[in-house]
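Examining the three-dimensional arrangement
The primary structure of each chain is shown beneath.
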Amino acid sequence: MAVKRTAPSPPTPRPNPNPNRRAPVSGADAASPSKRMLAFHFIRALARIHRSTPVPRRTRTIRRAAYSSMARAANPRRVWSRALLQQMRARRARTRRAAVLRRRVSAAPATPPGGARSITGEDQESTTLAALARTTAAAVPHRQAGEPARADALRRLVPGGNEMEYSNLLEETADYVRCLRAQVQLMQGLVDLFSGR
Amino acid sequence: MSSRRSRSRQSGSSRITEEQISDLVSKLQDLLPEARLQSNARVPSARVLQETCNYIRSLHREVDDLSERLSELLATSDMSSAQEAIIRSLLM
């Protein structure tokens with residue numbers, strides 16, 4: 001039984017002594033992302049990157065941080081935000097697995113590539129590689145009747161777009177675009193701030 | 001708005017009407033920046049989808065570009081004082 005909730009009057013704001021603490025979102029608007037949440041996640045990631053990431057890798061890491069903080073700040077019920085976080089996790093696991101494989105291959109004595117695969121080690125590698133290939137292969141987009149051809153391209157652009165119904169795709173795209181735009185505005189603001197100093 | 005949303009939730013039988021679809025498409029059209037599309041004009045949905053794809057791609061490119069600039073700026077600026085300033089300005 002859905003109870004229609006009217007937005008309560010905002011409580012008197014308490015002085016916030018710790019500026020780093022997450023600011024409470026009053027009357028959370030599900031439609032647009034909270035700019036504070038976006039800033040909180042992204043700036044925290046930036047600080048971590050500034051501390052611990054070597055300079056040559058920073059651009060890539062910052063880019064990844066932009067997408068994952070965007071997904072974290074978004075409504076977790078959104079398909080695109082969940083799909084994006086999954087992709088990030090899979091990518092991290094993939095690079096870790098690839099690094100392990102590389103170490104294993106280089107450590108093992110030279111084996112012919114098409115040679116005997118009886119050893120369990122070889123089988124593990126081949127199945128892992130097959131699993132990697134499966135995850136990287138583009139999923140066939142689920143095309144519905146009456147859906148315009150352009151929707152295929154959209155499905156590829158929006159995270160998790162392949163599995164959605166057409167109407168869901170349109171909704172998710174709108175939310176994704178709004179969040180992307182907010183993220184770009186945040187980053188632009190940070191760039192302006194940093195270059196102004 | 002809420003009635004529309006509850007209606008689409010009930011449609012496990014996928015009875016999404018053309019009107020709902022075109023409504024969603026027009027919402028997408030409203031999101032596009034002014035330069036890309038006349039927001040008053042009635043535009044075919046294929047065009048809206050096309051422009052949305054272009055817009056998303058350009059936003060991705062902006063993220064890439066801004067990431068690069070941020071990485072350059074991070075190297076040169078003092079993070080802690082700037083961080084305080086940002087957070088304070090965002091929370092005000």
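Given the structure is predicted, the values throughout are model-derived calculations rather than measurements.

1. Brief notes about the overall build of chain A
A tally of regular secondary structure across chain A gives six helices and zero strands. Sequence-ordered secondary structure for chain A, helices as α and strands as β, is α-α-α-α-α-α. The proportion of buried residues among the 197 residues of chain A is 35%. Within chain A, contacts between residues at least 6 apart in sequence are counted, and of these 48% link residues at least 24 apart. Only carbon and sulfur atoms are counted for the fraction: they give 54% of the accessible area of chain A, which is about 12,700 Å².

2. Some remarks on the pattern of salt bridges
Residues and elements named next belong to chain B. For the structure shown, the criterion picks out five salt bridges over all chains. Asp23 is the salt-bridge partner of Lys27, the closest N and O atoms lying 3.5 Å from each other. Of the two residues, Lys27 and Asp23 are both situated in helix H2 (residues 18–31); the distance of four residues between them amounts to about one turn of the helix. For Lys27, a relative accessible area of 32% translates into the label partly exposed. Of the residues examined, Asp23 reaches a relative accessible area of 24% and is grouped as partly exposed. Arg47 is the partner of Glu51 in a salt bridge, and the nearest nitrogen-oxygen pair spans 3.2 Å. Residue Glu51 and its partner Arg47 are located together in helix H3 (residues 45–76), separated by four residues, close to a single helical turn.

3. Some words on the packing of helix H2 (residues 58–73) of chain A against H3 of chain B
In contact at an axis separation of 8 Å, H2 of chain A and H3 of chain B are set at 125° when each is read in the N-to-C sense. Considering the angle they form, H2 of chain A stands oblique to H3 of chain B. Pair H2 of chain A / H3 of chain B crosses with right-handed handedness. Residues Arg58, Thr59, Ile62, Arg63, Ala66 and Tyr67 of chain A of H2 of chain A pack against His60, Val63, Asp64, Ser67, Glu68, Leu70, Ser71, Leu74 and Ala75 of chain B of H3 of chain B. Each residue belonging to the contact of H2 of chain A with H3 of chain B can be placed in one class, and the counts come to seven nonpolar, four polar and four charged.

4. Overview of the confidence of the model for chain A
Low pLDDT marks regions whose predicted coordinates should not be analysed in detail. All names here are of chain A. A residue-level look at chain A finds 62% of positions with pLDDT of 70 or above and a mean pLDDT of 73. Mean pLDDT across the elements of chain A bottoms out in helix H4 (residues 120–136) (52) and peaks in H2 (91). Confidence drops under pLDDT 50 across residues 18–31; counting only partners more than four residues distant or on other chains, this segment forms 18 contacts. Low pLDDT (under 50) marks residues 115–119, which in the prediction has five contacts with non-local residues, meaning those over four places away or in another chain.

5. Observations concerning the nonpolar core
In this structure, Phe42 and Met70 of chain A together with Leu70 of chain B are the most contacted members of the largest nonpolar core, which totals 58 residues. Those elements giving two or more residues to this core turn out to be helix H1 (35–52), H2, helix H3 (79–107), helix H5 (150–157) and helix H6 (166–196) of chain A together with H2 and H3 of chain B. With 15 residues, H6 of chain A is the single largest residue contributor to this core. Beyond its immediate stretch of four places on either side in the chain, Met70 of chain A contacts Leu38, Trp80, Leu84, Tyr176, Cys179, Leu180 and Gln183 of chain A.

6. Concerning the interface of chain B and chain A
One frequent convention defines the size of an interface as the accessible area lost when the parts assemble. On the chain A side, the residues contacting the 39 residues of chain B number 45 residues. Buried surface at the junction of chain B and chain A, summed over both partners, amounts to about 4,400 Å²; 76% is from carbon and sulfur atoms. Broken down residue by residue, the surface that chain B buries against chain A is led by Leu31, Leu70 and Leu74 of chain B, which jointly contribute 14%. Our enumeration of links across chain B and chain A arrives at one salt bridge. Salt-bridge contacts for Arg63 of chain A lead to Asp64 of chain B; the nearest nitrogen and oxygen are separated by 2.6 Å. Seen at the junction of chain B and chain A, the total is six residue pairs in polar contact (both at pLDDT 80 or more). Secondary structure elements with two or more residues in the side of chain B that touches chain A: H2, H3 and helix H4 (79–91) of chain B. Examining the composition of the side of chain B that touches chain A, we find that 22 residues originate from one element, H3 of chain B, more than from any other.

7. Quick look at a positive patch on the surface
Residue and element names in this part refer to chain A. Where like charges cluster on the molecular surface, the positive patch consists of Arg44, Arg48, Arg51, Arg57, Arg60, Arg64, Arg72, Arg89, Arg91, Arg92 and Arg96. Among the elements of the structure, H1, H2 and H3 are those that each provide at least two residues to the positive patch. If one sorts the elements of the positive patch by residue count, H3 sits on top with four residues. Position of Arg64 relative to the elements: it lies in helix H2. For Arg64, a relative accessible area of 31% gives the class partly exposed.

8. Digging into H2 of chain B
Helix length check: H2 of chain B (14 residues) gives 20 Å between terminal C-alpha atoms against 20 Å at 1.5 Å per residue, within 8%. For H2 of chain B, the set of buried residues is Gln20, Ile21, Leu24, Val25, Leu28, Gln29 and Leu31 of chain B.

9. Some thoughts on a negative patch on the surface
Together, Glu62, Asp65, Glu68 and Glu72 of chain B give the surface a local cluster of negative charge. Structurally, the position occupied by Glu72 of chain B is in helix H3.

Cut-offs and rules
- Residues numbered from 1 in each chain as written.
- Chains lettered and ligands numbered in written order.
- Predicted model: local features only at pLDDT ≥ 70, side-chain atom pairs only at ≥ 80, totals over all residues.
- Heavy atoms only, no water.
- Helix = DSSP H or I, 4+ residues; strand = E, 2+ residues; numbered from the N terminus.
- Buried < 20%, exposed > 50% of the residue type's maximum accessible area, 1.4 Å probe, protein only.
- Contact = heavy atoms within 4.5 Å.
- Areas by Shrake-Rupley, 256 points an atom, 1.4 Å probe, with all protein chains shown as cover.
- Salt bridge = Lys/Arg side-chain N within 4 Å of Asp/Glu carboxyl O.
- Axes fitted to C-alpha atoms, helices over the stretch in contact; angles between N-to-C directions.
- Parallel < 35°, antiparallel > 145°, perpendicular 65-115°, else oblique.
- Left-handed = near helix turned anticlockwise from the far one by under 90°.
- Nonpolar A, V, L, I, M, F, W, Y, C, P; charged D, E, K, R; others polar.
- pLDDT = per-residue confidence, 0-100.
- Core = buried A, V, L, I, M, F, W, Y, C linked by side-chain atoms within 4.5 Å.
- Buried area = accessible area lost by both parts, 1.4 Å probe.
- Polar contact = N/O pair within 3.5 Å; in protein donor to acceptor, adjacent residues only side chain to side chain.
- Patch = residues over 30% accessible without salt bridge, like charges linked within 9 Å, V, L, I, M, F, W, Y side chains within 5 Å.
- Lys, Arg positive; Asp, Glu negative; His and termini not counted.
- Charge placed at Lys NZ, Arg CZ, Asp CG, Glu CD.
- Expected span 1.5 Å × (residues − 1).

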